[in-house]
Structures are given as C-alpha cells and as structure tokens.
Amino acid sequence: ANSSAAIAHVSQRPAWTLVLLAAGMLWMLAPWPLLLRLTGLVLALPVVYWQPPALARGAFELTVLDVGQGLSTYVATRGHALLFDTGPASKSGRAAAEFSIVPFLRGRARTELDMLVLSHSDRDHVGGAETVRRAVRVLREIVGGDLRRHGADACFAGETWTWDEVRFQFLHPAAAPLTGASALENDASCVLAISGAGGSALLTGDIESGAERALIARGQVHRVDVVVVPHHGSRSSSGVEFVAALAPRWALVSAGYDNRWSFPKPEVVARWQAAGATTLSTARSGAISLRF
C-alpha cells in the first residue's frame, strides 16, 4: 500500500470506452480457449490510449468548482492551467479541496499547475492551498491581501501575460496601498481579467464596493461575457455602477448551500439579472463549467 504504484490516477474517460472495456473483460471470462479470450484485451485499448480533445489556440475553459462556502476557479488554455483560490478548510484542518479540487484536477489529468493565485488571506479562499500543493506541482504562486507579507509573488494591477493566445491581466490591487475603508482585506483581493477569441471573463475574489469604485475610477471595468460575482453575492459588493459597467451574459456565484449569510443575497442576484445576466450559483448547480 505504500508503493507509489499502488494507485494510478487517470483522466475521466467517455462512456463508450468504458462499455468497450466491460465487454472486453466479459469476453476474457468466457469459457473459451485462452488465446481466443486474450483477444478481449483489444477492447481495452481505447480506455488506455484515449486522450481528451485539446482546446484550440485562443480558447479557454473556466470552471467554478463546488467547494461549499468559499471559492475556487479553474482556468485552462490549450497548454496551461491556473487555479484561482482553493476553497475553505474547517477548524479540524480538513479542506474542501480534498473532495472537490483534487479529484477534479485528476479527472483533467493535471499533475501540475502553471499558476496558483490566492486572492487574499480569508480561510474560505486559501484553506485548501496546502492540499493542492501536495497533490500537484505548482510552477508559480501569486498572492494578494495580507499574504503578500510572506514573500511570494504579489498580484498588482498591470501584470499581463498570454497563454496560447489567451490574455490574462491583473486589474487589482493597484501598486499604491489602499487607504481608509478600502484597506480591508476583501478589497485587497486579486482581480483577474481573461480574454480570448471566444469571449472574456472576470475573476473578482472578495472585492467590495471600495475596490469596485477604484476599478471604475481607473477605467478598468469593461463589458465581459462572464463574471464570477464578488464576495459570494454579498450586499457589500456588486454595486449598481459596477454591475452596469460589466453587463455580463453570465454571473456565477460560488456559495455554500443554506449558508449562514444567505449568500447570494436576492437583491444582488436581481441586480445582475436586471443587467441582462443569467445567474447561477454553485449552491444549486454544483460546479459550473463554461468553454470559450
């Protein structure tokens, strides 16, 4: 049981390969000569050699994972992958990443992440970080909020990079420290914009009204196709001007079922819907995956 070969993780296979595998195993159990039975191994080949179709250049996949009351969003391009936050951990130390994020990454055959972004230090966003680090290799880690004090690379507005013709850019926080009400940890969250040939998305962490106003003032709020709603749909976020400026087609909320804060708040959901967005919540939909 201690052997590294005791268990193998493979990516999720389509149903037709599993049907062929089952047929091949039944064939091998039939009361026929051995050489004839061994031909059943041929039917097992598709499940062994099947590869998921690769994304086109300029395309990307975005999945808001179901981590309960917290946030974790997976973004993949043709050859790269990023995880934005890692969901919550309980006081016992168990993390939602154990039963949500890690199995998802294994289902995608991910053994490494090009980037892990920890938007800020709230436990419902970083509770699973160590679990993820143990499960996959992280090539680069970027942090926001109070986590910047620990020497890791920090997210600052203006950092831009391109993977497979998909553009990524941090919009917040600004290089200058926030002051006053905006100095709260939530308003120091990393905000990441993603755009490709098929559309655009905005990951907002837990920013509240102060950071939203700062983004608008800097001219960094533009229409997007998909927004991961700030702060789980709290009343302190999703201000009228912010929602109107983004006007997304889809507004996705990461929230736990029957959570004690009653997120997302009905008036916040109504605000996004009034702006033309279809609103979905992980509390009712489970993980929400979109392909651009």
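Everything here concerns the structure above.
A brief look at the structure comes next. Fair warning: this is a prediction, and the values are worked out from it, not measured in the lab.

A word on the overall build of the chain
When helices and strands are counted, the chain shows 10 helices and 16 strands. Over its C-alpha atoms, taken along the principal directions, the chain stretches across nearly 80 × 40 × 40 Å. The buried share among the 292 residues of the chain stands at 50%. Within the chain, contacts between residues at least 6 apart in sequence are counted, and of these 64% link residues at least 24 apart. When the accessible surface of the chain is totalled, it reaches about 14200 Å², and 57% of it is carbon and sulfur. Taking the average place of the 27 positive charges on the side chains of the chain and the average place of its 24 negative ones, the gap between the two points comes to 5 Å.

Thoughts on the pattern of salt bridges
A full pass over the atoms with the stated rule returns 11 salt bridges. D164 is paired through a salt bridge with R57; the nearest N and O atoms lie 3.8 Å apart. Here the residue D164 occupies a position in the loop between strand 9 (160-163) and strand 10 (166-172), and R57 occupies one in the loop between helix 3 (45-49) and strand 1 (61-64), the gap between them amounting to 107 residues. Among the salt bridges present, the one from R108 reaches E61, with a minimum N-O distance of 2.5 Å. Of this pair, R108 sits in the loop between helix 4 (101-107) and strand 4 (112-113) while E61 is found in strand 1, placing the two residues 47 residues apart along the sequence.

Section: the sheet that holds strand 3 (residues 81-84)
The sheet built from seven strands is open, its strands ordered 8-7-5-3-2-1-16 with mixed pairing. One side of each edge strand has no neighbouring strand; the edge strands of this open sheet are strand 8 (153-154) and strand 16 (288-291).

Re the environment of A275
You can see A275 is positioned in the loop between helix 9 (266-274) and strand 15 (278-281). Residue classification places A275 among the partly exposed positions, given a relative accessible area of 27%. Taking the C-alpha atoms as reference points, A275 and L35, separated by 240 residues in sequence, lie 66 Å from one another.

Here we look at the state of the cysteines
According to the stated counting rule, one finds one disulfide in the structure shown. A sulfur-sulfur distance of 2.0 Å marks the disulfide that ties C155 to C190. With the S-S bond torsion at -90°, the cross-link from C155 to C190 turns out left-handed. Here C190 lies in the loop between strand 10 and strand 11 (191-196) and C155 lies in the loop between strand 8 and strand 9, a separation of 35 residues in the sequence.

Concerning the sheet that holds strand 9
The seven strands are arranged 9-10-11-12-13-14-15 in an open sheet whose pairing can be described as mixed. Each edge of the open sheet is held by one strand with a lone partner, namely strand 9 and strand 15. Ignoring which end each strand starts from, the neighbouring axes of this sheet average 15° apart.

Here's the deal with the pairing of strand 16
In strand 16, alternate side chains face the same way, and those of I288 and L290 are buried while those of S289 and R291 on the opposite face are not. Where strand 1 meets strand 16, four bridges bridge the pair, whose relative direction is antiparallel. For E61, the partnering residue across the bridge sits in strand 16 and is R291.

Some details on the packing of aromatic side chains
With the rule as written, the count across this model stands at eight aromatic pairs. Taking 4.8 Å as the distance between ring centres and 70° as the angle between the ring planes, the aromatic pair formed by W27 and W32 counts as edge-to-face.

Calculation criteria
Residues numbered from 1 in each chain as written. Predicted model: local features only at pLDDT ≥ 70, side-chain atom pairs only at ≥ 80, totals over all residues. Heavy atoms only, no water. Helix = DSSP H or I, 4+ residues; strand = E, 2+ residues; numbered from the N terminus. Buried < 20%, exposed > 50% of the residue type's maximum accessible area, 1.4 Å probe, protein only. Contact = heavy atoms within 4.5 Å. Areas by Shrake-Rupley, 256 points an atom, 1.4 Å probe, with all protein chains shown as cover. Lys, Arg positive; Asp, Glu negative; His and termini not counted. Charge placed at Lys NZ, Arg CZ, Asp CG, Glu CD. Salt bridge = Lys/Arg side-chain N within 4 Å of Asp/Glu carboxyl O. Pairing = 2+ DSSP bridges. Disulfide = S-S within 2.5 Å. Axes fitted to C-alpha atoms, helices over the stretch in contact; angles between N-to-C directions. Phe/Tyr/Trp six-rings, centres within 6.5 Å; stacked < 30°, edge-to-face > 60°.

Shape is all these values report; function is a separate question.
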